[in-house]
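Take a look at the letters that make up each chain.
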Amino acid sequence: MLKKLAIILPCYNEEEILPHTIRKMRALIRGMIKKKKISADSKICFVNDGSRDDTWNIIKKTCAKDKLFCAVNLSRNFGHQGAILAGMYEVCADVYVTIDADLQDNPDCIPQMLEKINSGCDIVYGVRDSRQTDSFFKRTTAVLYYRLLKFLGVNIVYNHADFRMMTKRAVETLKQFPERNLFLRAIVPLLGFKSAQVYYDRTARQAGETKYPLKKMVALAWNGVSNFSIVPLRLVTFLGFFVCFLSVLFLCFVIYRWSVRGTIVGWASMVTIITVFSGVQLVSLGIIGEYLAKIFVEVKKRPLFIVEDKIGFEQAC
Ligand code: UDP
Ligand code: MG
């Protein structure tokens, strides 16, 4: 039997690019239905993540005209990761693909991903082959970041973001992860299951600008480190031991000076010691605080997304 495919596209203020995305996805999915690769009730699902521009109106009009489309409207901006989850949890399908609405990740890989699913995989990761079109800053920070995560022992697919295909079974299993601080690209490998990778070149955004300003990027990057690794906390402990060791050495030096030349307590050395030690203590406290803050967010168990409207859904799951 043919599988029902659902394509999930999170959208935040994407009015400029949406008409292009709609055309491209419609042609692709129609083609796949025609070639009998997926079932005729497959869906393209937009998740409007609290956009303040015309995004929701464009989506509504598209859904009204064409049964291929459906949409979920979130009550406010929950962020990219929340929007992806909303789409996967609200739509019923056999296979899910998540892809950014700006189509920087090549949707033409979807048939190839489906082949991997049909051959027994539960998860297929879209992996960026080249980042020529990303800015120099984004490219270098991304490479350094993936290296850092690896060093910290976080299992993550190199150069994979959130373009991936998952079976219903994998999505159902994902629901067992109740984390509030979301970093899907590190959670999905924790599911286990057989997985594969499909490679593509990431292209430049054709319209609009990035919805991931530096602040959001840093927040997501920190989530990746602190949700999956306790190495920073351990580093604090090592740092503490190292500083203790240094202070013992310094104490020996002070005793030596005292015994040889009498006590000369210099202002400069005192100030240096105080500032260095205060700095180390504040950084250590800060890192512990960051982890505490995570626990604070987790224990409240607030919803990851709130659905305000749903359109284009014929059957309930
Ligand atoms: N996005 C979202 N909510 C947000 C920020 C972004 O749903 O709060 C969506 C956005 O519309 C796009 C995808 O997430 O479909 C990736 O964002 P973007 O292309 O701006 O990120 P970049 O490619 O620059 O990293
Ligand atoms: Mg993009």
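Predicted model only: the values in this text are computed from it and were never measured.

A. Layout of the site of ligand 1. Lining the immediate environment of ligand 1, one finds 19 residues, of which Glu14, Asp49, Asp102, Thr210 and Lys211 sit closest. At a separation of 2.9 Å, an oxygen atom of ligand 1 approaches a polar backbone atom of Ala101. A distance of 2.5 Å separates an oxygen atom of ligand 1 from a polar atom in the side chain of Thr210. When the free accessible area of ligand 1 is taken as 530 Å², the share hidden by the protein chains comes to 95%. Judged by its atoms lying within 2 Å of the grid points, ligand 1 is housed in the largest pocket. The class makeup of the residues in the shell around ligand 1 is five nonpolar, five polar and nine charged.

B. Quick look at the pairing of strand β7 (residues 195–201). The alternating pattern of β7 places Ala196, Val198 and Tyr200 on a buried face and Ser195, Gln197, Tyr199 and Asp201 on a face that is not buried. In this sheet, β7 lies alongside strand β5 (residues 123–130) in parallel orientation, the contact comprising seven bridges. Paired with Val127 across the bridge in β7 is Tyr199.

C. Summary view of the coordination of the magnesium ion (ligand 2). Around the magnesium ion (ligand 2), the protein contributes the donor atoms Asp102 (OD) and Gln104 (OE1), at 1.9 to 2.0 Å from the metal centre. Note on Asp102: relative accessible area 5%, which makes it buried. Take Gln104: its relative accessible area is 9%, and that puts it in the buried class.

D. Up close: the sheet that holds β5. Taking strand neighbours across the sheet as the criterion, the eight strands line up as β7-β5-β6-β4-β1-β2-β3-β8 in an open arrangement whose pairing is mixed. The sheet is open, and its two edges are formed by β7 and β8 (307–311), each paired on a single side. Averaged over neighbouring strand pairs, the angle between their axes works out to 20° when direction is ignored. Summarising the sheet, strand β1 (residues 5–11) and strand β2 (residues 43–48) pair through six bridges and their orientation is parallel. Paired with Leu9 across the two strands is Phe46, which belongs to β2. Where helix α3 (residues 80–90) meets the sheet, it contacts β1, β2, β3 (69–74), β4 (95–98), β6 (160–167) and β8, and its direction lies at approximately 150° from that of β1. Each of β1, β4, β5, β6 and β7 is contacted by helix α4 (residues 110–118), which is oriented at about 50° to β6, the strand it contacts most.

E. Focus on the side chain of Asp66. Summarising the element assignment, Asp66 is placed in the loop between α2 (55–65) and β3. Relative accessible area serves as the criterion here: at 10%, Asp66 is assigned to the buried category. Apart from residues lying up to four places away in sequence, Asp66 is in contact with Arg26 and Arg30.

Parameters at a glance
Residues numbered from 1 in each chain as written. Chains lettered and ligands numbered in written order. Predicted model: local features only at pLDDT ≥ 70, side-chain atom pairs only at ≥ 80, totals over all residues. Heavy atoms only, no water. Near = heavy atom within 4 Å. Polar contact = N/O pair within 3.5 Å; in protein donor to acceptor, adjacent residues only side chain to side chain. Areas by Shrake-Rupley, 256 points an atom, 1.4 Å probe, with all protein chains shown as cover. 1 Å grid on protein atoms, 1.4 Å probe; cavity = no way out; pocket = protein on both sides within 12 Å on 5 of 7 lines; lining within 4 Å. Sits in = over half its atoms within 2 Å of the grid points. Nonpolar A, V, L, I, M, F, W, Y, C, P; charged D, E, K, R; others polar. Buried < 20%, exposed > 50% of the residue type's maximum accessible area, 1.4 Å probe, protein only. Helix = DSSP H or I, 4+ residues; strand = E, 2+ residues; numbered from the N terminus. Pairing = 2+ DSSP bridges. Donors = N, O, S within 2.8 Å, 3.2 Å for Na, K, Ca; no water. Axes fitted to C-alpha atoms, helices over the stretch in contact; angles between N-to-C directions. Contact = heavy atoms within 4.5 Å.

Limitation: the analysis is restricted to geometry and does not speak to function.
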